[in-house]
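# A structural walkthrough
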Amino acid sequence: MKRLLIALCAVCCLCGCVTQKSTDSLQKDGIFVREQQIGQEMIEAFQKQNYDNFVKYLPEGGKRVWGKDKFNEEQREVASRLGKIDSYRFLTKLELEPAHHLVWVVRFKSYTLKGEETFKEALFSIVVGQVDENLKVFLFGFK
């Protein structure tokens, strides 16, 4: 038993964990902050049903595909399935060079048939990259 304790202590003392700084803290003043702002603006635009602000970071081709009718249809579908956006929080960023995939948890509020509040959560993600020195959103959506 004594040998087991000595061996366990040796393993604990000699082995260690190495933690790298997160990309969040490494890029606080860089592109990452701007990418986060873009995602937050899109979530807030969706919440406020503001089509123009929602699509302003899409490339021109994306704006043609994602028209106002499609935006309104998505608004209705999300509201019927999840409710209205109550809050959101940033979750993570995935490196997909040359683009980045950012993910938020979005909390929705709705009401039961008895009128009681109920909450559901979904993921909102965007894939952001640079086009002609400007950040553009190539993919987005709730999951």
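The model shown is predicted, which means the values in this text are computed figures rather than measured ones. (Residues numbered from 1 in each chain as written. Predicted model: local features only at pLDDT ≥ 70, side-chain atom pairs only at ≥ 80, totals over all residues. Heavy atoms only, no water.)

## Side note on a nonpolar patch on the surface
There is a patch of nonpolar side chains on the surface, built from Val-131, Phe-138 and Leu-139 and spanning about 260 Å² of accessible area. Relative to the assigned elements, Phe-138 resides in strand 4 (residues 134–142). Here Phe-138 falls in the partly exposed class, since its relative accessible area comes to 39%. (Patch = residues over 30% accessible without salt bridge, like charges linked within 9 Å, V, L, I, M, F, W, Y side chains within 5 Å. Areas by Shrake-Rupley, 256 points an atom, 1.4 Å probe, with all protein chains shown as cover. Salt bridge = Lys/Arg side-chain N within 4 Å of Asp/Glu carboxyl O. Helix = DSSP H or I, 4+ residues; strand = E, 2+ residues; numbered from the N terminus. Buried < 20%, exposed > 50% of the residue type's maximum accessible area, 1.4 Å probe, protein only.)

## Quick word on the packing of aromatic side chains
For the structure on display, the rule yields 13 aromatic pairs. Consider the rings of Phe-46 and Phe-54, whose centres lie 5.8 Å apart with planes at 55°: the pair is tilted. An aromatic cluster of at least three residues, connected via ring pairs, comprises Phe-32, Phe-46, Tyr-51, Phe-54, Trp-66, Phe-71, Phe-90, Trp-104, Phe-108, Phe-124, Phe-140 and Phe-142. Note that Arg-107 overlies the ring of Phe-119, its terminal NZ or CZ placed 3.8 Å from the centroid. (Phe/Tyr/Trp six-rings, centres within 6.5 Å; stacked < 30°, edge-to-face > 60°. Lys NZ or Arg CZ within 6 Å of the ring centre and 35° of its normal.)

## Brief notes about the pattern of salt bridges
When charged atoms on two side chains of opposite charge get close, those side chains can pair. For the coordinates displayed, the defined rule picks out 7 salt bridges. When the shortest N-O distance is used, the salt bridge between Arg-81 and Glu-77 registers 2.7 Å. Of this pair, Arg-81 and Glu-77 both sit in helix 6 (residues 68–81), 4 residues apart, which is roughly one turn of that helix. Since its relative accessible area comes to 33%, Glu-77 is described here as partly exposed. Three or more residues are tied together by salt bridges with common partners; here these are Arg-34, Glu-41 and Lys-56.

## Looking at the sheet that holds strand 3 (residues 117–131)
Reading across the sheet, the 4 strands line up as 1-2-3-4 and stay open at both edges, with antiparallel pairing between neighbours. Taken across any chain shown, the strands that pair with only one partner, and hence form the sheet edges, are strand 1 (84–96) and strand 4. When the angles between neighbouring strand axes are averaged without regard to direction, this sheet yields 25°. Taken together, the 12 bridges between strand 2 (residues 99–111) and strand 3 define a ladder with antiparallel strand orientation. (Pairing = 2+ DSSP bridges. Axes fitted to C-alpha atoms, helices over the stretch in contact; angles between N-to-C directions.)

## Quick look at the pairing of strand 4
Where strand 3 meets strand 4, 8 bridges bridge the pair, whose relative direction is antiparallel. Along strand 4, the bridge assignment pairs Ser-125 with Gly-141. In sequence, strand 3 turns back onto strand 4 through a hairpin of 2 residues, with Asp-132 there showing a positive phi of about 50°.

## Quick word on the pairing of strand 2
Where burial is concerned, most of strand 2 is hidden: 10 out of the 13 residues are buried. Relative to strand 2, strand 1 is paired through 11 bridges, and the arrangement is antiparallel. Counterpart to Arg-89 in the pairing with strand 2 is Val-105. Between strand 1 and strand 2, which pair antiparallel and follow one another directly, the connecting turn spans 2 residues. Adjacent in sequence and paired antiparallel, strand 2 and strand 3 are bridged by 5 residues, among which Gly-115 carries a positive phi angle near 85°.

Read these as spatial facts, not as claims about activity.
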